[in-house]
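This is what each chain is made of:
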Amino acid sequence: MSNADLPDLPDLVVVGSGFFGLTIAERCATELDLKVLVLERRSHLGGNAYSEREPETGIEVHKYGAHLFHTSNERVWEYVNRFTTFTNYQHRVFGKYAGQVYSLPMNLNLINVFFGKSHTPDEARALIAEQASEIRTEDAANLEEKAISLIGRPLYEAFIKGYTAKQWQTDPTELSADIITRLPVRYTFDNRYFNDKYEGLPTDGYTAWLEKMAEHPNIEVRLETDFFSVADDYKGRVPIVYTGPVDEYFGNAEGRLSWRTVDLEAEVVDVDDFQGCAVMNYNDPDVAWTRIHEFKHFHPERTYLPGRTVIVHEYSRFAEEDDEPYYPINTAEDREKLLKYRDLAKKEPMVLFGGRLGTYKYLDMHMAIASALSMFDNKLRPHFAEGAPLTSGGVDE
């Protein structure tokens with residue numbers, strides 16, 4: 001099955017060149033010898049994973065916020081290693097509160113420093129259990145009460161309250177309790193942020209990795225192209241994998257879905273080392289930003305010019321219409337709209353919806369890749385290789 005009778009058309013159109021879209025494009029080009037057209041509205045490929053060198057210092061900066069690769073999925077790890085090698089970077093985060101720096105996630109070191117006393121694991125566990133007994137989890141009526149029921153009031157007020165208020169621009173007492181499902185406390189000194197089997201950063205950077213995925217001769221990447229300006233050329237004529245916002249695809253017919261976004265302010269600072277780590281959270285409510293990234297710490301194996309570093313202040317807010325969406329807010333109202341959009345998606349001929357924006361799910365990079373591999377296995381390969389009908393809809397349908 002091909003478009004040999006329509007020589008101007010590709011076999012498949014992929015809308016968006018993030019990890020989901022590029023995985024689909026690469027698999028279809030490599031495994032099925034399809035001609036794939038990737039449409040990207042930005043001036044670069046890679047979606048939010050795109051990175052670039054800061055011109056004054058040469059330090060690689062993740063343009064849309066820090067991206068940390070980690071996975072325990074063997075198939076994903078094998079797949080991504082076809083395009084890049086990885087450093088041995090292990091992500092560690094620190095948090096500043098009331099003039100002191102703490103090791104995150106909440107662990108035995110944080111408990112000891114915060115309470116000014118050495119605790120054994122059992123002593124720390126008993127302490128937190130006693131403090132959390134103030135409110136029963138099943139009785140929690142809002143986010144604040146839920147958090148207190150999980151970790152107690154002192155840790156909540158220091159490390160959750162101010163940070164959450166900045167992230168959501170809302171007092172935690174006004175936020176739903178179901179936003180928090182758990183607040184893990186480690187009763188060891190382990191401060192690795194992720195627990196996955198594999199972790200690291202692409203040796204030559206994210207852009208080099210993404211470009212490698214797209215270099216197959218059967219893949220054409222067309223940048224600065226809005227899908228909706230050319231949609232009539234392809235809709236109904238070739239299969240489409242759409243990774244943009246699902247509500248935008250349908251003209252917001254059921255209402256706009258709500259997202260969080262981030263503002264990122266980069267700055268070159270004339271010091272060798274600004275904060276001594278890659279990411280510092282700012283938990284005090286009177287500090288406007290949520291965290292500061294210092295990107296040279298992501299690649300300590302690289303050689304940098306002395307005396308200068310790049311820091312990026314990150315601010316969180318609700319996404320407006322023209323903002324870049326990052327995190328789905330996923331209120332009950334959003335979930336109602338999403339069900340309606342999924343019904344519309346099922347009726348859209350020859351269109352599959354995938355990725356973070358297309359499914360309205362927060363997907364880490366490894367999850368987006370795994371999801372794309374699943375779509376390739378279960379929908380695209382059977383359609384193109386065996387002539388199976390192409391069932392429209394989301395990746396989870």
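Residues numbered from 1 in each chain as written. Predicted model: local features only at pLDDT ≥ 70, side-chain atom pairs only at ≥ 80, totals over all residues. Heavy atoms only, no water.

- An unreviewed UniProt entry lists the protein under the name UDP-galactopyranose mutase, with Nocardioides eburneus as the source organism.
- As recorded by UniProt, the Sequence similarities (unreviewed entry) comment attached to the protein reads in full: "Belongs to the UDP-galactopyranose/dTDP-fucopyranose mutase family."
- Taken from UniProt, the Cofactor (unreviewed entry) comment for the protein reads in full: "FAD". (UniProt positions renumbered as here; feature names shortened; annotations may be inferred.)

1. A few points about the UniProt feature "domain: UDP-galactopyranose mutase C-terminal" (unreviewed entry) in the protein
- The residues that UniProt annotates with the feature "domain: UDP-galactopyranose mutase C-terminal" (unreviewed entry) are residues 158-362.
- As annotated, residues 158-362 comprises 23% helix and 21% strand, and the C-alpha atoms at either end are separated by 26 Å. (Helix = DSSP H or I, 4+ residues; strand = E, 2+ residues; numbered from the N terminus.)

2. Observations regarding a negative patch on the surface
- Where like charges cluster on the molecular surface, the negative patch consists of Asp226, Glu248, Glu320, Glu321 and Asp322.
- With respect to the helices and strands, the residue Asp226 is situated in the loop between strand S9 (219-222) and helix H8 (227-230). (Patch = residues over 30% accessible without salt bridge, like charges linked within 9 Å, V, L, I, M, F, W, Y side chains within 5 Å. Areas by Shrake-Rupley, 256 points an atom, 1.4 Å probe, with all protein chains shown as cover. Salt bridge = Lys/Arg side-chain N within 4 Å of Asp/Glu carboxyl O. Lys, Arg positive; Asp, Glu negative; His and termini not counted. Charge placed at Lys NZ, Arg CZ, Asp CG, Glu CD.)

3. Quick notes on the sheet that holds strand S7 (residues 100-104)
- The sheet built from seven strands is open, its strands ordered S7-S6-S12-S13-S14-S11-S15 with mixed pairing. Because the sheet does not close on itself, it has two edges, and the strands there are S7 and strand S15 (327-328).
- Pairing of strand S6 (residues 93-97) with S7 involves five bridges; the strand directions are antiparallel. Note on S7: the bridge partner recorded for Val93 is Leu104.
- Most of the contacts of helix H3 (residues 108-115) go to S7, to which it runs at about 155 degrees, and overall it touches S6 and S7.
- In this fold helix H6 (residues 153-168) packs onto S6, S7, strand S11 (259-269), strand S12 (279-282), strand S13 (291-294) and strand S14 (309-318), with an angle of close to 75 degrees to the strand it touches most, S14. (Pairing = 2+ DSSP bridges. Contact = heavy atoms within 4.5 Å. Axes fitted to C-alpha atoms, helices over the stretch in contact; angles between N-to-C directions.)

4. Quick notes on the nonpolar core
- Within the largest apolar cluster, 85 residues are counted, with the highest numbers of intra-cluster contacts made by Phe19, Phe69, Val80, Tyr206, Trp209, Tyr234 and Ile369.
- Examining the composition of this core, we find that six residues originate from one element, H6, more than from any other.
- One finds Leu12, Leu34, Val36 and Ala368 within the second-largest nonpolar core, a separate group that totals 22 residues. (Core = buried A, V, L, I, M, F, W, Y, C linked by side-chain atoms within 4.5 Å. Buried < 20%, exposed > 50% of the residue type's maximum accessible area, 1.4 Å probe, protein only.)

5. Some remarks on the packing of aromatic side chains
- Tallied over the entire structure, the rule returns 33 aromatic pairs.
- Ring centres of Phe250 and Phe353 lie 5.7 Å apart, and the angle between their planes is 25 degrees; this geometry places the pair in the stacked category. With Phe250 in the loop between helix H9 (246-249) and S11 and Phe353 in strand S16 (residues 351-353), this residue pair connects regions lying 103 residues apart in the sequence. Each member of the pair, Phe250 as well as Phe353, is classed as buried.
- Arranged with centres 5.2 Å apart and planes meeting at 50 degrees, the rings of Phe295 and Phe298 form a pair that is tilted. Side by side, Phe295 and Phe298 carry an identical accessibility label, which is buried.
- An aromatic cluster of at least three residues, connected via ring pairs, comprises Phe19, Phe69, Trp77, Phe86, Tyr198, Tyr206 and Trp209.
- Between Arg42 and the ring centre of Tyr64, over which it is positioned, the NZ or CZ distance is 4.0 Å.
- In this structure, Arg260 is placed above the aromatic ring of Phe318, and the distance from its NZ or CZ to the ring centre is 4.3 Å. (Phe/Tyr/Trp six-rings, centres within 6.5 Å; stacked < 30°, edge-to-face > 60°. Lys NZ or Arg CZ within 6 Å of the ring centre and 35° of its normal.)

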